Amino acid sequence: MTMAAVGWLVLAYLVGAIPTSYLAARLGRGIDLRQQGSRNLGATNLYRILGWKYAIPVGLFDVAKGAVPVWLIGPRAPEIPLFPVLCGLAAVVGHVFSVFVGFKGGKGVATAAGVVLGLAPYALLAMVALWALLVWLTGYVSVGSVVTAMLFPLAAYLLNESRGAELWVEIALAAFIVWKHRTNLQRLARGTENRFGRRARARTDRSEAAGRAS
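So, here's what we can say about the structure. (Residues numbered from 1 in each chain as written. Predicted model: local features only at pLDDT ≥ 70, side-chain atom pairs only at ≥ 80, totals over all residues. Heavy atoms only, no water.)

Where two aromatic rings form a pair, the distance of their centres and the angle of their planes describe that pair. Considering all chains together, one arrives at three aromatic pairs under this definition. Relative to W52, the ring of Y47 lies with its centre 4.5 Å away and its plane at 45°, an arrangement referred to as tilted. What makes Y47 buried here is its relative accessible area of 10%. With centroids separated by 6.3 Å and ring planes inclined at 55°, the aromatic side chains of F97 and F176 adopt a geometry described as tilted. You can see F97 sitting in the loop between helix 5 (83–96) and helix 6 (109–119) and its partner F176 sitting in helix 9 (residues 164–180), a full 79 residues away along the chain. Accessibility expressed as a relative area gives 30% for F97, which makes it partly exposed. Put simply, the rings of F97, F176 and W179 pair up and form one aromatic cluster. (Phe/Tyr/Trp six-rings, centres within 6.5 Å; stacked < 30°, edge-to-face > 60°. Buried < 20%, exposed > 50% of the residue type's maximum accessible area, 1.4 Å probe, protein only. Helix = DSSP H or I, 4+ residues; strand = E, 2+ residues; numbered from the N terminus.)

Time to look at helix 7 (residues 121–138). The end-to-end C-alpha distance of helix 7, which contains 18 residues, comes to 25 Å, matching closely the 26 Å that a straight helix rising 1.5 Å per residue would cover. Summarising the contacts, the buried residues of helix 7 are in contact with helix 6 and helix 8 (141–158). Positive phi appears at G139, one or two residues downstream of helix 7, with a value of about 85°. (Expected span 1.5 Å × (residues − 1). Contact = heavy atoms within 4.5 Å.)

Written as structure tokens, this is what we have:
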């Protein structure tokens, strides 16, 4: 791999490393998201703390952090067939281990979704639908994230969007996302995992109760 290609990979990492959730919470409300809720720098924790107004744009930006390196940086090294995939992986690593916030970050789901948007869009659409269904049925974002991560490579293969080395890289990415959710899986096994939206509603209820008492 040439030094130029390494430089492009570093740039892809830095794009992924933009700490979107941290910046939104810090600049918007003066909150350090690393000290709030699950302390995870992802859109789900941001939603639990600050609501949809912050979580939706941050989530979309996190998706873009994965798609842009694949689309714009990936073609910079045409001599490396897997270079777009490697750029996507670098962006996910940047999101999960951001150099800008002490190598903290999110679970990588939204950024990985951006990567696969650039690689296998039809498989992604199928997995987004399945993710929404699982979250609606179970109430757990982690369940939807883990199950769709595991099934995505199969969907990409069946839809003829990924083959060979690219498919193996996608399997490795799926395994990485599942590994990042290991604490969630432990909490699910113990029955202590937070359901989606519960903390936000509880905080709202407390605020309303305080308002009535004052």
